[in-house]
Amino acid sequence: MHQSQAYMVGILVTNKSEIALSQLQLLLQSGFTRDSADIEPWLTDWRGRYSGKALAMISPNSAEQLSDAVKICAKHEIPIVPQGGNSGMVAGATPNEDGDAIILSLRKMNAIQYDPNMPALIECEAGVILQNLHDIASQHNMRFPLTLGGKGSATVGGLISTNAGGTQVLRHGNMRALVAGIEAVLPNGTLYDGMSALKKDNRGYDITQLLIGAEGTLGIVTKAKLKLIPAIQDRIAIWVGLESPKKAYEFLLYMSQRCAEQMEGFELISELSITKVLKHIYGTRLPIDHHPWYVLIELVQDRDDQMNVQSLAEDVLEKPLEDGLILDAALSSSEAQLEDFWKLRDSISEAERAAGPAFQHDISVPVHRMAEFIENISPQLEQKFKGCEVIAFGHMGDGNIHYHVKAPDGMKQEDWLPLEKQVNAAVYDAVISYGGSISAEHGIGQSKLSELERVSSEARLFALRAIKKSFDPKNIMNPGKLITLD
């Protein structure tokens, strides 16, 4: 292109952007800002790995207002990057460095409605913080059975858009299983109303399910109808010592046969992880002697006809202790002690950060192959990348491994980073060879984009791109996340 032609194109693009921004400001009033001080905190992802630029930030107060804003953006082809709590792990809510997008904050849309006539459902706008949802449900003697470490900042819209999981997936499923209906603004600005929570609806493609886990690339979730279950009457945590992940899987099968209806968590933890937690996290204490591996189990009672959790725990542990399947076990004797057990599990990532740099992988493999994957692949990686340390822990009940490869002791972050692509490729190639997924619950975002395209089948990439192109032909919905267009 001739220099003068490029200059004219630049003017047209700039003018187009300025027209759109003027219209958005007129529409949103105080919900529009170009102030760099207001925008700056939202330009970097939670982990501090990715940063970008933005033309402006908009904060609509209703789905209707957002619908009008998206119509403006669609007309002028202005990219939109939706954000909830900005607590994602894969930079899925971070704008790129081009600076041609606007950030969409949904934090003003935070209303919750509960109808006692429909006690098993609750209606939440996208900006509702997970902890607030828990609190409201609790007031009605109900609960929303999904929790995670970032519950104080994670929002309903973000949880839906990433199909979030957590520690209770074993019994209740991930976010996809807990959504009964969705309202969303589509890329052309129209408002999709799927809030009726119909149990039977055969009108073709399930648009609600397409939007779940789409990371804002097909539309913007504005509201959801979520499933609630009765509040917990009682619960108990069990800390178990074992010889190996293989023994942990055998124990999982045993527990699933005897108390699956009351077992909400089955977390696999290594001695390597616990050593770091005890060293770096103040106030932590191991409830039993040291063993090579541990399992943290939570049993609950949420119906009158269920067995008392103390009696249930004592009953199910007797045989595996006698047979040597498990080496030792401790039961929580109070809610405070239960929280102490969970603190050991929930502090692993924090302790790792204190111990040194690591590449973190959120992966899944078939449940029956999780132990095999850890026992076989971990030593291979430690051999391939001399001095590194593999730390594996996670939700054994659903095959989700948090698989972290720590730098050799003393190595600085800047010296470890150049190996990231090689380490990631080695991990993900192994995952695919085991029939697994390179993203279990955090999504793809920016950080896994190239690896998804590298390891995915032609059929998967074709389907993802076809759906994206069909919904969003102008590619304005969170571009550069999840999937790139040809």
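Scroll up to find the structure this text is about.
Reading guide: rules and limits
- Residues numbered from 1 in each chain as written.
- Predicted model: local features only at pLDDT ≥ 70, side-chain atom pairs only at ≥ 80, totals over all residues.
- Heavy atoms only, no water.
- Phe/Tyr/Trp six-rings, centres within 6.5 Å; stacked < 30°, edge-to-face > 60°.
- Helix = DSSP H or I, 4+ residues; strand = E, 2+ residues; numbered from the N terminus.
- Buried < 20%, exposed > 50% of the residue type's maximum accessible area, 1.4 Å probe, protein only.
- Polar contact = N/O pair within 3.5 Å; in protein donor to acceptor, adjacent residues only side chain to side chain.
- Contact = heavy atoms within 4.5 Å.
- Pairing = 2+ DSSP bridges.
- Axes fitted to C-alpha atoms, helices over the stretch in contact; angles between N-to-C directions.
- Patch = residues over 30% accessible without salt bridge, like charges linked within 9 Å, V, L, I, M, F, W, Y side chains within 5 Å.
- Areas by Shrake-Rupley, 256 points an atom, 1.4 Å probe, with all protein chains shown as cover.
- Salt bridge = Lys/Arg side-chain N within 4 Å of Asp/Glu carboxyl O.
- Lys, Arg positive; Asp, Glu negative; His and termini not counted.
- Charge placed at Lys NZ, Arg CZ, Asp CG, Glu CD.

I would appreciate a short explanation of the packing of aromatic side chains in the present structure.
The geometry of an aromatic ring pair is captured by two quantities: the separation of the ring centres and the angle between the planes. Applying the stated rule across the entire model yields 7 aromatic pairs. Ring geometry for W239 against F341: centres 6.3 Å apart, planes inclined by 65°, an arrangement best described as edge-to-face. Taken together, the residues span a long stretch of sequence, with W239 in strand β12 (residues 234-242) and F341 in helix α12 (residues 335-346) at a distance of 102 residues. Of the two residues examined, W239 and F341, each falls in the buried class. A centroid spacing of 5.1 Å and a plane angle of 85° characterise the contact between F373 and Y434, whose relative ring orientation is edge-to-face. With F373 in helix α14 (residues 370-384) and Y434 in the loop between α16 (420-433) and α17 (449-455), this residue pair connects regions lying 61 residues apart in the sequence. For the pair F373 and Y434, a shared accessibility class is recorded, and that class is buried.

When you look at the side chain of Q65 in this model, what are you seeing that I'm missing?
Take Q65: it is sitting in helix α3 (residues 63-76). Classification of Q65 by relative accessible area gives buried; the value is 14%. A distance of 2.9 Å separates a polar atom in the side chain of Q65 from the backbone nitrogen of N61. Excluding anything up to four places from it in sequence, Q65 contacts L27, L28 and P60.

Would you explain the sheet that holds strand β16 (residues 358-364) in this entry?
Adjacent strands of a sheet pair through backbone hydrogen bonds, lying either parallel or antiparallel. With antiparallel pairing, 7 strands are arranged side by side in an open sheet as β15-β12-β14-β13-β17-β18-β16. Looking at strand neighbours, the two that pair on one side only are β15 (328-331) and β16, the edges of this open sheet. Adjacent strand axes in the sheet meet at a mean angle of 15°, parallel and antiparallel pairs treated alike. As defined by bridge partners, β12 adjoins strand β14 (residues 293-301) across 9 bridges and the pair is classed as antiparallel. Among the inter-strand pairings, L242 is bridged to a residue of β14, identified as W293. Sheet strands in contact with α12 are β12, β13 (263-270), β14, β15, β17 (389-395) and β18 (400-406), and its direction is about 45° off that of β12.

Any chance you could explain the pairing of strand β4 (residues 102-105) here in plain terms?
Side chains on a regular strand alternate between the two faces of the sheet. The two faces of β4 match: I102 and L104 on one face and I103 and S105 on the other face are all buried. Pairing of strand β3 (residues 80-83) with β4 involves 4 bridges; the strand directions are parallel. The partner of Q83 across the bridge, within β4, is S105.

What is the right way to look at the sheet that holds strand β1 (residues 32-33) in this model?
An order of β1-β2-β4-β3 is seen for the 4 strands of this open sheet, with the pairing classed as mixed. At either end of the open sheet lies a strand with only one pairing partner, and these are β1 and β3. By the bridge criterion, 3 bridges tie strand β2 (residues 56-58) to β4 in an arrangement that is parallel. Paired with I58 across the strands is L104, a residue of β4.

How do you make sense of a negative patch on the surface when you look at a structure like this?
Together, E314, D315, E318 and E322 make up a negatively charged patch on the protein surface. Assignment of secondary structure puts D315 in helix α11 (residues 309-323).

What's the story with the pairing of strand β9 (residues 191-194) in this structure? I'm lost.
Of the two faces of β9, the one lined by Y192 and G194 is fully buried and the one lined by L191 and D193 carries no buried residue. As paired elements, strand β8 (residues 179-185) and β9 share 4 bridges and run antiparallel to each other. For V185, the partnering residue across the bridge sits in β9 and is L191. The antiparallel pairing of β8 with β9 creates a hairpin that spans 5 residues between the two strands, and G189 there sits at a positive phi of about 95°.

In this structure, what is going on with the environment of E389? I would like to understand it.
When you line up the elements, E389 lands in strand β17. Spatially, the C-alpha atom of E389 lies 53 Å from that of S22, the residues being 367 residues apart in sequence. Once residues lying within four places of it in the same chain are set aside, the contact partners of E389 are L272, K276, E382, H404, V405 and K406. Within the structure, the side chain of E389 is placed 3.0 Å from the side chain of K276, a separation counted as a polar contact.

From the geometry alone we can't say anything about function, so treat these as descriptive.
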